[in-house]
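# Observations on the three-dimensional arrangement
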Protein chains: 2
Amino acid sequence: MTGIGPEICAKVLAEGSLKEEARIVVVGDVRVLQLGCTDAGVELAWRRYEKISDIDWSSDDVPIIDLGNIDPATIERGAMSPESGRLSGDTLKTMIDLALAGELDGICFAPLNKGALHRGGWKYHDEHQMFAALTQHVGFFGEMNAIKEFATFRVTSHVSLREAIDLVTPERITSAVRLANATLKANGIVAPRLAVAALNPHNGEGGLFGDEEIRIIRPTVERLHAEGIDCAGPISSDVIFLKAMKQEYDGVVMMYHDQGQIATKLLGFNRGVTVTAGLKVVFATPAHGTAFDIVGQGQANPGGLEHALRIAARMASARLH
Amino acid sequence: MTGIGPEICAKVLAEGSLKEEARIVVVGDVRVLQLGCTDAGVELAWRRYEKISDIDWSSDDVPIIDLGNIDPATIERGAMSPESGRLSGDTLKTMIDLALAGELDGICFAPLNKGALHRGGWKYHDEHQMFAALTQHVGFFGEMNAIKEFATFRVTSHVSLREAIDLVTPERITSAVRLANATLKANGIVAPRLAVAALNPHNGEGGLFGDEEIRIIRPTVERLHAEGIDCAGPISSDVIFLKAMKQEYDGVVMMYHDQGQIATKLLGFNRGVTVTAGLKVVFATPAHGTAFDIVGQGQANPGGLEHALRIAARMASARLH
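In this text, all values refer to a predicted model and were calculated from it rather than measured experimentally.

### Comments concerning the interface of chain B and chain A
Taken residue by residue, the interface counts 31 residues in chain B and 32 residues in chain A. A buried area of about 3,000 Å², summed over both sides, lies between chain B and chain A, and 67% of it is on carbon and sulfur atoms. Counting the surface chain B buries against chain A, the share from its top three residues, B:Leu161, B:Ile262 and B:Leu266, is 21%. Counting every contact that joins chain B to chain A gives six salt bridges. Between B:Asp166 and A:Arg162 there is a salt bridge, with its nearest N and O atoms 3.1 Å apart. Along the contact surface separating chain B from chain A lie twelve residue pairs in polar contact (both at pLDDT 80 or more). Counting residues per element, the ones that place at least two in the side of chain B that touches chain A are helix 6 (161-167), helix 9 (237-245) and helix 10 (257-266) of chain B. The element contributing the most residues to the side of chain B that touches chain A is helix 10 of chain B, with eight residues. Partitioning the side of chain B that touches chain A into residue classes produces 14 nonpolar, eleven polar and six charged.

Next up, the structure:
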């Protein structure tokens, strides 16, 4: 609640443009949502429910499970707050428990401050690790970062570059490509076209600048292709995003964090969406941050959150059918 | 001569827009220049000279040292040719010898095909290594890749990513930052503002994702800053180019090849210029390729070559004064 979360939530709910695609319930403190309405200058009719199963979906009022846990008067806005981080983590955990109990089909959350979450006691490398732990996930999972033109997936993520190189194995590449394929299918792409990035400059230049492409990446891509996944690669990292921008691919599987992040941030990733892919529960969030500099001014653009809600609804729906 | 080189040279020379900034002599085969004029649909008055010292600079005719070494009738165009690569290398070597003898102040060349050069017998990792060898260079040198908004410099370049990490040392960072500073000064920027990239994701996240930032990069940047170089860093690679695009920096020093190449290629590097920085001789070339697909159609844009000539002239002039 220290950032623009409340006001973008209020805007999206007031617009009501997602009514055909999802049944949205707010889980949080009603006072925070009220604050968001004031910030955004919108009026919202809501109704409190004790349990999700009680919700009257025929009503136009926005249903809210009021956790009553965050009093906005006690927390400074526009600044990192460990207390707010702790409470955001609590709220996420409540939603995860509801999802695991089958009461929610997916979770969409406003931007959170990773530092606040960590200092608030949720000691994970990032929120994706937290979600994996809280859903008792075993095995591979990872971020999908989606912009308009394409989405990226990661063989490795929040580890040192040296460790990332050691983690470029046939097993992890296979898991990442399969996850990309399944996630894009769940997003409504019938036959996703995937590109797999090289690790070394110039695609290893025929072995002159490293041999991971020859030893590891190419044989793995060929094996996955033979399995029926439409994947190409390895492709030089300074070429792969140019091709993806021309819509030659739906998904890019990258070997290390910055490979994709350099590209997507330059390409307007801030208007994109981040999904935690591969877990039991669907998680989606706008890729932009908490925007402390414009909090409470009603300027914040709700487009990213709306996009995240659409993706969460589509992926949750794919699981149900 | 298999690519668009001849026609963009003919266009730039026919426009004559660089007359105030440089005295340009063509070194090559006059038949290739004639071919370029035909392709480009321009008329050019030229005059052959035996020696550069013979040139009458008061004449409006374009001076050419006719090497008589390339007969266009014998080489297929629009395709990679080892023979053309061999002859391109010969021509470059002739120019380098002239520069080392003090007869040329800088060398600007049209796009070359790296594969053709290599197969033509010039067995170097890239043309920069070739230039370093032919100028008997000892010590650090490297590519500058310049786009309109900023230029990049490299601590490491055409090596495997694993080797690049091993080469991220205080000595190489120091050399690269000093080279960036000197090269941008030679380009007319009085006090270049430099940014130094991190190696690991999220700038190492305080040591959680690798410690090269703490052990190596930050202390080196601080030492260089204390020396009087305006440098900042380490800065996360997915943030540094966003800042550079906002003109917060004139130069970005990157740790490994793809860090900068992913960014600059997405940002229109093809309209940029590549300089081999740190050698006795100034070398500049457009960043785009030989464009085999449009050879001989007169469509090729000479803007990159013109930009490269301006940079070469400016840097050569800075050395003379």
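### Brief notes about the packing of aromatic side chains
For the structure on display, the rule yields seven aromatic pairs over all chains. Pairing A:Tyr256 with B:Tyr256 gives two aromatic rings, centres 6.0 Å apart and planes at 75 degrees, and the pair type is edge-to-face. Of this pair, A:Tyr256 sits in the loop between strand 9 (251-254) and helix 10 (257-266) while B:Tyr256 is found in the loop between strand 9 (251-254) and helix 10, placing the two residues in two different chains. In this structure, A:Tyr256 and B:Tyr256 share a single accessibility class: buried.

### Brief notes about the packing of helix 3 (residues 82-100) of chain A against helix 5 (residues 127-134) of chain A
Residues and elements named next belong to chain A. It is at 10 Å that the axes of helix 3 and helix 5 come closest, and there the two elements cross at 40 degrees. When the interaxial angle is binned, helix 3 and helix 5 end up oblique. Once helix 3 is placed against helix 5, the crossing between them reads as right-handed. Residue-level inspection shows Gly 89, Leu 92, Lys 93, Ile 96 and Leu 100 of helix 3 in contact with helix 5, the latter providing Met 130, Phe 131 and Leu 134. In terms of residue class, the contact of helix 3 with helix 5 is built from six nonpolar, one polar and one charged.

### Let's talk about the domain arrangement of chain A
Think of interface size as the accessible area that goes away when the parts come together; that is how it is often given. Residue and element names in this part refer to chain A. What the domain assignment lists for chain A is domain 1 (1-137 + 279-321) and domain 2 (138-278). Summed over both sides, the interface of domain 1 with domain 2 buries roughly 1,900 Å², with 58% coming from carbon and sulfur. Connecting domain 1 to domain 2 are zero salt bridges. Linking domain 1 to domain 2 there are nine residue pairs in polar contact (both at pLDDT 80 or more). Of all elements in the fold, only helix 5, strand 11 (282-286) and helix 11 (303-320) reach the threshold of two or more residues within the side of domain 1 that touches domain 2.

### Examining the pairing of strand 11 of chain A
Residue and element names in this part refer to chain A. In terms of residue burial, strand 11 counts as a mostly covered element, since five of its five residues are buried. The alternating pattern of strand 11 places Val 282, Ala 284 and Pro 286 on one face and Phe 283 and Thr 285 on the opposite face, and all of these are buried. Relative to strand 11, strand 4 (residues 106-108) is paired through three bridges, and the arrangement is parallel. When the bridges of strand 11 are listed, Cys 108 appears paired with Ala 284. Turn length for the strand 10 (residues 273-277)-strand 11 hairpin, with the two strands adjacent in sequence and antiparallel, is four residues, and the turn residue Gly 278 shows positive phi of about 100 degrees.

Reading the values: rules and limits
- Residues numbered from 1 in each chain as written.
- Chains lettered and ligands numbered in written order.
- Predicted model: local features only at pLDDT ≥ 70, side-chain atom pairs only at ≥ 80, totals over all residues.
- Heavy atoms only, no water.
- Contact = heavy atoms within 4.5 Å.
- Buried area = accessible area lost by both parts, 1.4 Å probe.
- Salt bridge = Lys/Arg side-chain N within 4 Å of Asp/Glu carboxyl O.
- Polar contact = N/O pair within 3.5 Å; in protein donor to acceptor, adjacent residues only side chain to side chain.
- Helix = DSSP H or I, 4+ residues; strand = E, 2+ residues; numbered from the N terminus.
- Nonpolar A, V, L, I, M, F, W, Y, C, P; charged D, E, K, R; others polar.
- Phe/Tyr/Trp six-rings, centres within 6.5 Å; stacked < 30°, edge-to-face > 60°.
- Buried < 20%, exposed > 50% of the residue type's maximum accessible area, 1.4 Å probe, protein only.
- Axes fitted to C-alpha atoms, helices over the stretch in contact; angles between N-to-C directions.
- Parallel < 35°, antiparallel > 145°, perpendicular 65-115°, else oblique.
- Left-handed = near helix turned anticlockwise from the far one by under 90°.
- Domains from an automatic or database assignment.
- Pairing = 2+ DSSP bridges.

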